[in-house]
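# Structure at a glance
Here are the chains, one letter per residue:
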Amino acid sequence: MIVVLNKESIPIDKEQDVVLFRNRVKEYTIKIGMGVVNQTKLITAASELVRNILKYAGKGTVLIEIISSGRQNGIRLVFSDKGPGISDVPLAMKDGFSTGKSLGLGLPGARRLVNEFDIKSTVGKGTTVTILKWKNG
Amino acid sequence: MDLFKALSKKRSRLLELWMQYQLADISLREDLMENEELRAQSEELLDAFLKAVTDKNVENVDDPTYEPIIEILSGISISRARQGYSPKETGNYVFSLRDAILQVWQAEFSNDLAVLFAATLKLNKLFDNLGIITFETFIKGREEVILRQTDEISEISTPVIRVWDNILALPIIGTLDSSRTQIVMENLLQQIVDTGSSIAILDISGVPAVDSLVAQHLLKTVAATRLMGAECIISGIRPEIAQTVVHLGIDLSNIITKATLASALKQAYNMLQLEVRKVQK
Ligand SMILES: Nc1ncnc2c1ncn2[C@@H]1O[C@H](COP(=O)(O)OP(=O)(O)OP(=O)(O)O)[C@@H](O)[C@H]1O
Ligand SMILES: [Mg+2]
């Protein structure tokens, strides 16, 4: 069973929010004693997803949670936006697919960097991506 | 009788009292504004206030008649935020107008406490709202200052160092976002032209995370350097960054990368066929 120990919601609507948000995530990783490699992986994944919000939806929010399951602690991040949504999610999850003339590594790369990854998107309604990284995961 | 409209007749008394309150406030910043300027500003706001507020609209700050007041108040508040006033000072400025009005009324209605009480309630409510507007715009003004400082910091913190003949080094500290990359790239390319250097070392020890955007910016900088006929080495790749980059799937295999600035410098000497040796005496 997963228990939420702490949560905080951060609004994202401009480039400058990226750094503020990443620093916030970093504080949480330090709070639970996450090692520097996992820290960097989580922050990088978070960075990809928050940039997608800015680039494709314009604005959104991120929920940061410290969670606990048994003796494991971890951090869960929920990125939500009310942007255009993704019409073909499996395609968007492929390496190299981009509608933004970019590397197309954000979503698939983020998935490889975390322990759990979930994406839900409805065209015209928005996108929600949830990632989870265990302290020792 | 309309109590708020009637205040117009007391304009000069009000201004005098308000200025007294402001000048008596020990936190008054004479270093930031001349008394005359303060007076002119106060007169403008007071006139807008006397013109707009009536018994009818006093409870509705959203009424269009309030627009001139709000405009002037926001302007004052934003400019104070930029000049470095504290929220307290800015708040006191607005609230001391209320104190001036109260004093006028107290003298006028000393034998009609019911009227005084009802009017005071309305006045307080109104100034609560004006106070909120003041603070909201004050914070906006502060945020602008912070954003501008962020821009300035990114500009001053991207030096290009000439470490040796033909070798340039750029220590990058902080995030490499789009505007920062633009500055780094411009500085670097210009220095390559000015110094005729053939090798540039981009040190990313101070970059907290390399995501796909940062990686792309690095790749672009390397490509631009090569177009200028110079070679680019990226150094300062920490172990956690290396692992993350691999998992993300970013291909840096076409770039010369080194773990430390020292090994990058060694590589550069190599490429220039230079040798560093201990002198035998
Ligand atoms: N929040 C979102 N809202 C709408 N569309 C999105 C969102 N996030 C991703 N997408 C779509 O999914 C595609 C793939 O995203 P991904 O982050 O993998 O690559 P990218 O952003 O195009 O490039 P990169 O992140 O490598 O710079 C995007 O091009 C975009 O079409
Ligand atoms: Mg992306």
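Below: a short report on this structure. (Residues numbered from 1 in each chain as written. Chains lettered and ligands numbered in written order. Predicted model: local features only at pLDDT ≥ 70, side-chain atom pairs only at ≥ 80, totals over all residues. Heavy atoms only, no water.)

## Here we look at the pairing of strand E4 (residues 116-122) of chain A
Residue and element names in this part refer to chain A. Basically, it comes down to this: When DSSP finds two or more bridges between a pair of strands, those strands are recorded as paired. Only runs of H or I of at least four residues qualify as helices and only runs of E of at least two qualify as strands under DSSP, and these elements are numbered from the N terminus.
Here seven bridges tie E4 to strand E5 (residues 126-134), and the two strands are oriented antiparallel to one another. Across the sheet, the residue bridging to Glu116 is Leu132, located in E5. The hairpin turn running from E4 into E5, its antiparallel successor, is three residues long, and Gly124 in that turn takes a positive phi close to 85°.

## Some remarks on the site of ligand 1
Just so we agree on the cut-off: Whether a residue is near a molecule or strand depends on its heavy atoms: it is near if one of them lies within 4 Å of it. Between N or O atoms, a polar contact is any pair within 3.5 Å; within protein, one atom must be a potential hydrogen donor and the other a potential acceptor, and residues adjacent in sequence are included only when both atoms are from side chains. Surface exposure here means Shrake-Rupley accessible area, sampled with a 1.4 Å probe, where a residue is shielded only by the protein chains that are shown.
Around ligand 1 there are 20 residues in total, and A:Asn52, A:Tyr56, A:Ser98, A:Thr99 and A:Ser102 lie nearest to it. One finds residues of chains A and B in close proximity to ligand 1. A distance of 2.7 Å separates an oxygen atom of ligand 1 from a polar side-chain atom of A:Tyr56. Here an oxygen atom of ligand 1 and a side-chain polar atom of A:Ser102 are 2.4 Å apart. The protein chains hide 94% of the 590 Å² of surface that ligand 1 would expose on its own. Elements with a minimum of two residues in the shell around ligand 1: helix H2 (36-57) and helix H4 (106-113) of chain A.

## Observations regarding unusual backbone geometry
Residue and element names in this part refer to chain B. Let me state the cut-off plainly: Burial classes follow relative accessibility: with a 1.4 Å probe on protein chains only, a residue under 20% of its type's maximum area counts as buried, one over 50% as exposed, and anything between as partly exposed.
The phi angle at Asn166 is positive, at roughly 75°, despite the residue not being glycine. On the secondary structure map, Asn166 appears in the loop between strand E1 (161-164) and strand E2 (167-173). Judged by its relative accessible area of 29%, Asn166 is partly exposed.

## Here we look at the sheet that holds strand E4 (residues 231-235) of chain B
Strand pairing in a sheet relies on backbone hydrogen bonds, with the paired strands running either antiparallel or parallel. Residues and elements named next belong to chain B. Applicable threshold: In what follows, residue pairs with any heavy atoms lying within 4.5 Å of each other are defined as contacts. To obtain each axis, a line is fitted to C-alpha atoms, and for helices this fit is confined to the stretch in contact; angles are then taken between N-to-C directions over 0 to 180 degrees.
Strand order in the open sheet made by the five strands is E1-E2-E3-E4-E5, with mixed pairing throughout. Whereas interior strands pair on both sides, the edge strands pair on one side only; in this sheet they are E1 and strand E5 (256-257). Sheet analysis places E1 next to E2, joined by three bridges and oriented antiparallel. The partner of Ile161 across the bridge, within E2, is Ala169. The sheet contacts of helix H7 (residues 178-195) involve E1, E2 and strand E3 (199-206), and relative to E2 the element is tilted by about 165°.

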